[in-house]
Amino acid sequence: MTREQYILATQQNSLPRTEHPQFYPVGIYGWRKRCLYFFVLLLLVTMIVNLAMTIWILKVMNFTVDGMGNLRVTKKGIRLEGISEFLLPLYVKEIHSRKDSPLVLQSDRNVTVNARNHMGQLTGQLTIGADAVEAQCKRFEVRASDGGKVLFSADEDEIVIGADRLKVTGTEGAVFGHSVETPHIRAEPSQDLKLESPTRSLVMEAPRGVQVNAAAGDLKATCRKELHLQSTEGEIFLNADTIRLGNLPVGSFSSSSSFSSSSSSPSSSAPRQTIYELCACPNGKLYLSPAGAGSTCQSSSNICLWS
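Residues numbered from 1 in each chain as written. Predicted model: local features only at pLDDT ≥ 70, side-chain atom pairs only at ≥ 80, totals over all residues. Heavy atoms only, no water.

## Thoughts on the side chain of S153
For step 1, the next point in the chain: Checked against the element boundaries, S153 lands in strand β8 (residues 150–154).
For step 2, the next point in the chain: Here the side chain of S153 touches R139 through a polar contact of 3.3 Å, side chain to side chain.
For step 3, the next point in the chain: Beyond its immediate stretch of four places on either side in the chain, S153 contacts R139, F140, E141, E158, I159 and V160. (Helix = DSSP H or I, 4+ residues; strand = E, 2+ residues; numbered from the N terminus. Polar contact = N/O pair within 3.5 Å; in protein donor to acceptor, adjacent residues only side chain to side chain. Contact = heavy atoms within 4.5 Å.)

## A word on the pattern of salt bridges
For step 1, the next point in the chain: A complete count under the given rule lists five salt bridges for this structure.
For step 2, the next point in the chain: Residue K149 pairs with D164 through a salt bridge whose shortest N-O separation is 2.7 Å. Remark: D164 occurs in the loop between β9 (159–161) and β10 (276–280) and K149 occurs in the loop between β7 (140–143) and β8; sequence separation between them is 15 residues.
For step 3, the next point in the chain: Residue class for K149 comes out partly exposed when judged on its relative accessible area of 35%.
For step 4, the next point in the chain: Several salt bridges share partner residues, and in doing so they unite R139, E141, R143 and D155 into one network. (Salt bridge = Lys/Arg side-chain N within 4 Å of Asp/Glu carboxyl O. Buried < 20%, exposed > 50% of the residue type's maximum accessible area, 1.4 Å probe, protein only.)

## Quick look at the pairing of strand β6 (residues 133–136)
For step 1, the next point in the chain: Bridge analysis of strand β5 (residues 122–128) against β6 gives four bridges, and the strand direction is antiparallel. What sits directly across from T127, in β6, is E134. (Pairing = 2+ DSSP bridges.)

## Remarks on the sheet that holds strand β1 (residues 67–68)
Strand pairs in the sheet, formed through backbone hydrogen bonds, run parallel or antiparallel to each other.
For step 1, the next point in the chain: Read across the sheet, three strands follow the order β1-β2-β3 without closing on themselves; strand pairing throughout is antiparallel. Whereas interior strands pair on both sides, the edge strands pair on one side only; in this sheet they are β1 and β3 (78–80).
For step 2, the next point in the chain: Both β1 and strand β2 (residues 71–73) contribute to a ladder of two bridges, which runs antiparallel. By the bridge assignment for β2, M68 is matched with L71.

## Considering the sheet that holds β5
For step 1, the next point in the chain: A sheet is described by the order of its strands in space; here three strands give the open sequence β4-β5-β6, paired in antiparallel fashion. The outermost strands of the open sheet, each flanked by one partner alone, are β4 (111–116) and β6. Across the sheet, the mean angle separating the axes of adjacent strands is 10° when strand polarity is ignored. (Axes fitted to C-alpha atoms, helices over the stretch in contact; angles between N-to-C directions.)

## Notes on the layout of surface pockets
For step 1, the next point in the chain: For the second largest pocket, the calculated volume is near 2,400 Å³.
For step 2, the next point in the chain: Among the elements of the structure, β3 and β4 are those that each provide at least two residues to the lining of the second largest pocket.
For step 3, the next point in the chain: A per-element tally of the lining of the second largest pocket places β4 first, with six residues.
For step 4, the next point in the chain: The class makeup of the residues in the lining of the second largest pocket is 21 nonpolar, 14 polar and 11 charged.
For step 5, the next point in the chain: Both domains that meet at the lining of the second largest pocket, namely domain 1 (27–81) and domain 2 (107–137), each give it at least three residues. (1 Å grid on protein atoms, 1.4 Å probe; cavity = no way out; pocket = protein on both sides within 12 Å on 5 of 7 lines; lining within 4 Å. Points joined across faces, edges and corners; volume = space filled by probe spheres on them. Nonpolar A, V, L, I, M, F, W, Y, C, P; charged D, E, K, R; others polar. Domains from an automatic or database assignment.)

## Structural notes on the UniProt feature "transmembrane region" (unreviewed entry) in the chain
For step 1, the next point in the chain: In the UniProt entry, the feature "transmembrane region" (unreviewed entry) is given for residues 36–58.
For step 2, the next point in the chain: For the annotated span residues 36–58, helix accounts for 100% and strand for 0% of the residues, and the straight-line distance between the end C-alpha atoms is 33 Å. (UniProt positions renumbered as here; feature names shortened; annotations may be inferred.)

## Section: the pairing of β4
For step 1, the next point in the chain: Of the pairings in the sheet, the one linking β4 to β5 comprises six bridges and is antiparallel in character. The partner of V111 across the bridge, within β5, is I128.
For step 2, the next point in the chain: Hairpin connection, β4 to β5: the antiparallel pair is bridged by five residues, and G120 has positive phi, about 85°.

## Structural notes on the confidence of the model for the chain
For step 1, the next point in the chain: The predicted model of the chain has a mean per-residue pLDDT of 75, with 76% of residues at 70 or higher.
For step 2, the next point in the chain: Per-residue pLDDT, averaged within each element of the chain, yields its smallest value for helix α3 (residues 301–306) (51) and its largest for helix α2 (residues 31–60) (91).
For step 3, the next point in the chain: Confidence drops under pLDDT 50 across residues 257–268; counting only partners more than four residues distant or on other chains, this segment forms six contacts. (pLDDT = per-residue confidence, 0-100.)

Next comes the structure, spelled out in structure tokens:
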């Protein structure tokens with residue numbers, strides 16, 4: 001036995017020994033242990049229920065690697081199949097349907113499409129309601145199927161109709177509150193064309209002339225008061241087989257004095273009234289000829305030459 005072992009053995013023997021040693025239990029016992037087991041069991045049950053609910057939701061919502069339900073995530077974007085409902089606003093860059101089916105946007109109230117700038121301000125709005133379709137924008141355009149020709153455009157200054165032919169089928173025609181500028185106005189075949197201003201005057205102006213043509217019918221101009229034909233620099237040319245001026249008043253005059261007495265004073269005699277007749281020359285000029293017993297319109301060739 002070494003010296004160190006001997007010293008240790010003698011020191012252990014010299015320690016006082018107690019008759020009843022005290023033991024301190026280590027761990028959880030009693031009701032604490034039962035509560036711990038209960039909470040562990042409750043946590044295990046909760047985890048199992050959550051796992052079961054997660055599996056059920058994945059199965060019901062049809063979650064796959066590409067998406068969920070009717071929603072599929074592809075390289076080109078998001079694809080929805082069938083009917084989809086959006087309860088909150090939808091922000092997308094482009095919406096298009098499949099090649100073999102149309103795109104339908106349906107709502108119980110109004111369908112509103114908004115366009116905003118980078119500042120979030122509203123720049124354009126299209127509202128489709130039960131009573132009307134409203135468009136709020138700076139310029140509204142309707143283009144052809146190829147997207148090139150503008151068929152209709154409207155802004156704050158003007159409205160442009162770019163179609164080759166504008167057809168108005170209303171029974172009352174078209175009513176314009178202000179001026180109308182167009183190169184051609186034509187009625188339907190076998191239909192009459194009527195330009196009317198019920199309470200105001202009708203003015204047709206053109207810098208190089210106004211042409212009114214009725215190829216297979218009559219041309220009628222009717223007014224309530226005066227009808228003026230005025231040419232400031234040119235002439236008024238009437239070219240027809242027959243030119244008739246109807247409902248003209250016919251005047252008469254008498255060469256005799258109102259008093260048969262020759263001794264009456266000159267002041268008592270009635271003034272003589274001269275009546276002229278309007279004659280037309282072969283070259284189209286008009287002249288006045290005194291009306292008498294015999295008409296001089298056919299015999300006054302000298303007047304036609306010098307008038």
